[in-house]
Amino acid sequence: MRWAYPLFALTMALSAVAVGGAVAVDLSWADAVDSYLVTNAAMGTAFALCGVVVARHRPGNPIGWLFLCFGIAHLSTAASVPVIAYGDAHDWPTGVLRALITVFALAWPFGIGLFLPLAVQLFPTGAPMSPRWRLLVWYTVVSGSAFVFWLGTGPSGVPLEGVQLTTYVEWTDQPAWVGLANVLVLTDYIAVIVSLVFRYVRGGDLVRRQLLWLVLAVIAIVVLNWPRWVFNDEGGILLLLAVPLIPLAVTIAIVRHQLFDIRLVVSRTVLYGLLTLGVAGAYAVLVAALDRVLRGAGAPVVATVLIALAFDPARRRLQRVVDRAFYGTRDPVQAVAAVGQRLAGDDLGGVLDAVREALRLPFAALRGTDAELAASGRPPAALHTVPLRFRGEHVGDLVVGVRTGERRLGGTDVAVLDLLATPLAVALHATRLSADLQESRERLVTATEEERRRLHRELHDSLGPALTGAAFKADAIGNLAATDPAHAGALSAELGTQIRAAIQDVRRLVYGLRPPALDELGLVGAVRRMADELDGDLTFDVEGRDLPPLSAAVEVAAYRIATEAMTNAVRHSRGRRAVLSLHADGQALHVSVTDDGAPEAAWRPGVGLRSIVERAAEVGGTAEAGPTPQGGRVTAVLPVGVRA
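Rules of the game
Residues numbered from 1 in each chain as written. Predicted model: local features only at pLDDT ≥ 70, side-chain atom pairs only at ≥ 80, totals over all residues. Heavy atoms only, no water. Core = buried A, V, L, I, M, F, W, Y, C linked by side-chain atoms within 4.5 Å. Buried < 20%, exposed > 50% of the residue type's maximum accessible area, 1.4 Å probe, protein only. Helix = DSSP H or I, 4+ residues; strand = E, 2+ residues; numbered from the N terminus. Salt bridge = Lys/Arg side-chain N within 4 Å of Asp/Glu carboxyl O. pLDDT = per-residue confidence, 0-100. Contact = heavy atoms within 4.5 Å. Axes fitted to C-alpha atoms, helices over the stretch in contact; angles between N-to-C directions. Parallel < 35°, antiparallel > 145°, perpendicular 65-115°, else oblique. Left-handed = near helix turned anticlockwise from the far one by under 90°. Nonpolar A, V, L, I, M, F, W, Y, C, P; charged D, E, K, R; others polar. Pairing = 2+ DSSP bridges. Polar contact = N/O pair within 3.5 Å; in protein donor to acceptor, adjacent residues only side chain to side chain.

### Focus on the nonpolar core
Right, on to step 1. Leu523, Val527, Phe540, Met566, Leu580, Leu589 and Leu638 are the most contacted members of the largest nonpolar core, which has 37 residues in total.
Right, on to step 2. Per-element accounting of this core gives the leading share, 10 residues, to helix H17 (residues 552-572).

Here you go:
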């Protein structure tokens, strides 16, 4: 950064020498134009001004430094013209004049052949798109150097009256192959344009908007100069005065690209440019055709009327084509199709990319009820929110960014987003269900592993040692049976007690896996037995209707939920009577335990209530618990179709 201002000061000094010197030596306008002093001074000053701005705001971007070098190159050529004129008028030494003429011939080709194509191909990021595109950088260096060599060593001088000297590096018999440098530079510029096209196609929204500033500059150059190209007007050198639009556009794109929506400006410029060309061409063709039919009688008037009638329909159709190129498709069917394709195979990030591509939006995000789920792009200052609802339930929001330079989205954009809200709401709901399912599976796996660990601990800590001890006592009984029958008898009694205790442990383990009462009495009978065995002041009435065949998983879950609910009622309810109801409606098994205790504050979920909810969730059901005006109530709905 510290070199930017000294370099800029150098360019301003050269500019002052060029302009002030031309005035001082009374250089005519024709000589100033023919010697390229006017165009070199204008281009050099413009590039230097833009270069110092870019270098100040983006010192790591080489484009600013390349613009400063361009300014030095062209201003050196411009400044040498009045100095050469002054020296020739005052009989300066020939060596000094030839040195100045050498600077005049060698300086400016560096700007056009080397610094400008390098800056353009690195725009806007300051780096090639990929390592492979570095080859173009080296090609530009080679072709630019060849271009400087070709022009610098060619027969050249200063186009000033009376100045006949040439450069020090003139190659008198320059071979024809040296002129291939011009072809190299031309192909280099074509390759640079191709690289910009690739950068636009592959770039994000920010890069595309920056590149459109350069497109706008090129369009402006064409519009300003096309009359001279078409009508072959004089003053072709002055066409170069439009070139400063390029560094101006590049500087705005790098430093102030958010100034306004450049896409709107470029799209309207392209639209009315094409309309102008179309109207001019159609008018010429119609006049020529009608002139033969009407033989000159009113052909221009008829052509004007026909064009006036066709102008508005053509404008609207052409505007749709241009807007689609810059803003994407606003056709709801195509937009939904694009999003649907991403929904079939991508995650939510891919879906948001499709939304942005369809409408050329800078930002899109999906937000759930409590957090942001996915985002694409950078959020601008202005945002538009579309609520997402699934079956009347608010499941989240689609948040999109308003394009730079626009205060809000247009009616067409809003209509497309409203149409996209339905499939996005379904996708968001499916994502939430998938997350819930994954969480349920994790809980199920955890519960299974905990149950296995419990069984392992029970078998290892209780049943295993008991059976091992029983085996030792059986061996001891065998050894003592003949020699000490009394001791053997005592050991036999101990062995019987130990084996009966082991049997109780086995029964307890079996009951933990599946209560035997279910196989003996069925679900209703097992629950009724459990109600009769509970100790407390609460009396239970068990209501069981005709139940369909239930899977083992649902039957065990219903039994555990019912017994846990009854146990909680006995412990916590202040009522005297409770009803346990079991009935099925063809699709679900309904389990409820209701007591007549006095209403209480909201229940705090404890181990028992969490167990009820988790057991219901394991088989795909739901459970609720809490106080009611009539007393405490626990309900569970379990699907009867679950098989295990």
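### Details of the pattern of salt bridges
Right, on to step 1. Under the definition given, this model contains two salt bridges.
Right, on to step 2. Where Asp541 meets Arg577, a salt bridge forms, and the shortest distance between an N and an O atom there is 1.8 Å. Note that Asp541 is positioned in strand S5 (residues 539-544) and Arg577 in strand S6 (residues 577-584), a separation of 36 residues in sequence.

### So, the confidence of the model for the protein
Right, on to step 1. Per-residue pLDDT for the protein averages 77, and the proportion of residues at 70 or more is 80%.
Right, on to step 2. Between residues 230-234, whose pLDDT stays under 50, and residues either more than four places distant or in other chains, the model counts four contacts.

### Section: the packing of helix H16 (residues 516-533) against H17
Right, on to step 1. Between H16 and H17, the shortest axis-to-axis distance is 9 Å and the interhelical angle comes to 15°. In terms of axis orientation, H16 runs roughly parallel to H17. Our pair here, H16 against H17, has a crossing hand that is left-handed. Each of Leu518, Leu523, Ala526, Val527, Met530 and Ala531 in H16 lies in contact with H17, whose residues at this interface are Glu555, Val556, Ala558, Tyr559, Ala562, Thr563 and Met566.
Right, on to step 2. Tallied by class, residues from the contact of H16 with H17 come to 11 nonpolar, one polar and one charged.

### Looking at the sheet that holds strand S9 (residues 631-639)
Right, on to step 1. Spatial ordering of the open sheet is given by S5-S6-S7-S9-S8, a layout of five strands whose pairing is mixed. For this open sheet the edge positions go to S5 and strand S8 (622-628), each flanked by a neighbour on one side alone. Strand-to-strand twist of the sheet, defined as the mean angle between neighbouring strand axes without regard to direction, takes the value 10°.
Right, on to step 2. Of the strand pairs in this sheet, S5 and S6 are connected by six bridges, and their pairing is parallel. When the bridges of S6 are listed, Val542 appears paired with Leu580.
Right, on to step 3. Sheet strands in contact with H16 are S5, S6 and strand S7 (588-595), and its direction is about 175° off that of S5.
Right, on to step 4. Relative to the sheet, helix H18 (residues 607-618) contacts S8 and S9, its axis offset from that of S8 by approximately 145°.

### Regarding unusual backbone geometry
Right, on to step 1. Residue Pro124 is reached from Phe123 by a cis peptide bond, and omega for that bond is 5°.
Right, on to step 2. Counting through the fold element by element, Pro124 comes out in the loop between helix H5 (94-122) and helix H6 (134-153).
Right, on to step 3. In the Ramachandran plot, Asp91 falls in the positive-phi region, its phi being about 55° despite a non-glycine side chain.
Right, on to step 4. Tracing the sequence through the fold places Asp91 in the loop between helix H4 (62-89) and H5.

### Thoughts on the side chain of Thr567
Right, on to step 1. Tracing the chain through its elements places Thr567 in helix H17.
Right, on to step 2. Judged by relative accessible area, Thr567 falls into the buried class, the value being 17%.
Right, on to step 3. One polar contact links the side chain of Thr567 to the main-chain carbonyl oxygen of Thr563, over a distance of 2.7 Å.

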